[in-house]
Amino acid sequence: MFPPRVRKAALAVHLTVSVGWVGAAGAYVALAVAAARSDDAELTRGAWSAMELIGWYVLVPAAIATVFTGVLLALGTRWGLLRHYWVLVSLGLTVAATAVLLLHMPDVSALQARASRASASELETLGSDLGHSTLGLLLLLVILVLNVYKPRGWTRRGWRLQQEQPDRDPSTTRRA
Amino acid sequence: MTTSSDRPDRSSEPTDKADTAATQQGAGHERPRWVLVLAVAAVLVLIVIVLVLVLGDGEHGPGRHGGGMHGGIVTNLSSLP
């Protein structure tokens, strides 16, 4: 288990990168809407450039850092990584969102390259990134709600560990 | 929010009343209903996505735009200035 100061620092970093990820995803959706709906060619090109920059330099680092600090925090506290369904589901969804993001970002770069060289009429046929970004943001909000409400439910492994080591039960043990 | 480093930090521990209630209500290892609801919602979303892909243009997935970040080769460039 982490000592209190280390745990607090890890939690601060995890909150920063995970909530930052949600905020950046919201900004990305706004840019995706602008890129998809605007009739202004310069605005569309600018939106694609901003989406690529936010994607590679904010979303991707925040996603990777969220997975890393989340696993660290789970292993370093009494919640554990595989003891509660809400932790397990959060981990699965976060890893899935990160994987899709990493697989999708090269496409965003390619579209940005096309947008930067396309004429105004060609920009209209470029397509949009609203689907990915909106679904991604919704997924992050689901994960956020899970982490705030921490719905009940032991996993089979967590239940067995709790029976074997009742002193490690996070719901009944309080530290001095 | 606790700011003193001398006080116990319970911000990341399941030790407050809400967390205690949540975990105690979940006594037993049976799969809770919310997990089932979430799984059904996920399957529905996946079905919708698959339908959109099948009924759409069918072009999707990594690299669909021609090589990705470092590929440099994109489709329909011949008409570009």
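**Structural notes on the overall build of chain B**
Alright, step 1. When helices and strands are counted, chain B shows two helices and zero strands.
Alright, step 2. A burial count over chain B gives 23% of its 81 residues as buried.
Alright, step 3. Working note: accessible area of chain B is about 5,800 Å², and carbon and sulfur atoms make up 63% of it.

**Thoughts on the overall build of chain A**
Alright, step 1. Along the backbone of chain A there are six helices and zero strands.
Alright, step 2. Its helices and strands in sequence order give chain A the pattern α-α-α-α-α-α, from N to C terminus.
Alright, step 3. In summary, chain A has a C-alpha radius of gyration of 20 Å against a globular reference of 16 Å for 176 residues, an excess of more than 25%.
Alright, step 4. Taken along its principal axes, the extent of the C-alpha atoms in chain A is 65 × 30 × 20 Å.
Alright, step 5. Every one of the 176 residues in chain A was classed for burial, and the buried ones make up 47%.
Alright, step 6. Taking contacts inside chain A between residues at least 6 apart in sequence as the whole, the part at least 24 apart equals 78%.
Alright, step 7. Total accessible area on chain A stands at roughly 8,500 Å², and carbon and sulfur atoms take up 67% of it.
Alright, step 8. The distance from the centre of the 17 positive side-chain charges to the centre of the 11 negative ones in chain A is 21 Å.

**Thoughts on the packing of helix H1 (residues 4-37) of chain A against helix H5 (residues 130-149) of chain A**
Residues and elements named next belong to chain A.
Alright, step 1. Direction vectors running N to C along H1 and H5 enclose 160 degrees, while the axes themselves pass 9 Å from each other. Relative to H5, the element H1 is oriented roughly antiparallel. Between H1 and H5 lies a crossing of left-handed hand. When H1 is examined against H5, the residues Trp21, Val22, Ala25, Gly26, Tyr28, Val29, Ala32, Val33, Ala36 and Arg37 are found in contact with a partner set consisting of Leu130, Ser133, Thr134, Leu137, Leu140, Leu141 and Leu144.

**Describing the nonpolar core**
Within soluble globular proteins, side chains that are nonpolar tend to cluster in buried spots.
Residues and elements named next belong to chain A.
Alright, step 1. In this structure, Trp21, Trp48 and Leu59 are the most contacted members of the largest nonpolar core, which totals 31 residues.
Alright, step 2. Among the secondary structure elements, those contributing two or more residues to this core are H1, helix H2 (41-76), helix H3 (85-117) and H5.
Alright, step 3. Considering each element in turn, this core owes the most residues, ten residues, to H2.
Alright, step 4. Sequence-distant contacts of tryptophan 48, defined by excluding residues within four places in its chain, comprise Ala35, Val108, Leu111, Gln112, Ala115, Leu126, Gly127, Ser128 and Asp129.
Alright, step 5. Counting ten residues, the second largest nonpolar core, distinct from the first, contains Leu81, Val87, Val89 and Leu146.

**What about the confidence of the model for chain B?**
Residues and elements named next belong to chain B.
Alright, step 1. Mean pLDDT over chain B stands at 60; residues scoring 70 or higher make up 35%.
Alright, step 2. pLDDT under 50 marks residues 18-22. Its contacts with residues more than four places away, or in other chains, come to nine contacts.
Alright, step 3. Contacts from residues 65-81, a stretch scored under 50 in pLDDT, to residues over four places away or in other chains number 28 contacts.
Alright, step 4. Confidence metrics for the complex model read pTM 0.77 and ipTM 0.72.

**Description of the environment of proline 61 of chain A**
All names here are of chain A.
Alright, step 1. Tracing the backbone shows proline 61 in helix H2.
Alright, step 2. Counting along the chain gives 37 residues from proline 61 to threonine 98, while the straight-line C-alpha distance between them is 9.8 Å.
Alright, step 3. Once residues within four sequence positions are removed from consideration, proline 61 is found in contact with Gly55 and Trp56.

**Some details on the packing of aromatic side chains**
The geometry of an aromatic ring pair is captured by the separation of the ring centres together with the interplanar angle, meaning the angle of the planes.
Residue and element names in this part refer to chain A.
Alright, step 1. Here the structure, examined in full by the defined rule, presents one aromatic pair over all chains.
Alright, step 2. Arranged with centres 5.1 Å apart and planes meeting at 85 degrees, the rings of tryptophan 79 and tryptophan 86 form a pair that is edge-to-face.
Alright, step 3. Here tryptophan 79 falls in the buried class, since its relative accessible area comes to 5%.
Alright, step 4. By relative accessible area, tryptophan 86 is classed as buried at 7%.

**Side note on the pattern of salt bridges**
All names here are of chain A.
Alright, step 1. For the structure on display, the rule yields two salt bridges over all chains.
Alright, step 2. Residue glutamate 164 is joined to arginine 160 by a salt bridge in which the shortest nitrogen-to-oxygen separation is 3.8 Å. In this pair, glutamate 164 and arginine 160 both sit in helix H6 (residues 156-164), four residues apart, roughly one turn of the helix.
Alright, step 3. The exposed category is assigned to glutamate 164, whose relative accessible area is 53%.
Alright, step 4. What makes arginine 160 partly exposed here is its relative accessible area of 42%.

The rules we used
- Residues numbered from 1 in each chain as written.
- Chains lettered and ligands numbered in written order.
- Predicted model: local features only at pLDDT ≥ 70, side-chain atom pairs only at ≥ 80, totals over all residues.
- Heavy atoms only, no water.
- Helix = DSSP H or I, 4+ residues; strand = E, 2+ residues; numbered from the N terminus.
- Buried < 20%, exposed > 50% of the residue type's maximum accessible area, 1.4 Å probe, protein only.
- Areas by Shrake-Rupley, 256 points an atom, 1.4 Å probe, with all protein chains shown as cover.
- Rg over C-alpha atoms; globule rule 2.2 N^0.38 Å.
- Contact = heavy atoms within 4.5 Å.
- Lys, Arg positive; Asp, Glu negative; His and termini not counted.
- Charge placed at Lys NZ, Arg CZ, Asp CG, Glu CD.
- Axes fitted to C-alpha atoms, helices over the stretch in contact; angles between N-to-C directions.
- Parallel < 35°, antiparallel > 145°, perpendicular 65-115°, else oblique.
- Left-handed = near helix turned anticlockwise from the far one by under 90°.
- Core = buried A, V, L, I, M, F, W, Y, C linked by side-chain atoms within 4.5 Å.
- pLDDT = per-residue confidence, 0-100.
- Phe/Tyr/Trp six-rings, centres within 6.5 Å; stacked < 30°, edge-to-face > 60°.
- Salt bridge = Lys/Arg side-chain N within 4 Å of Asp/Glu carboxyl O.

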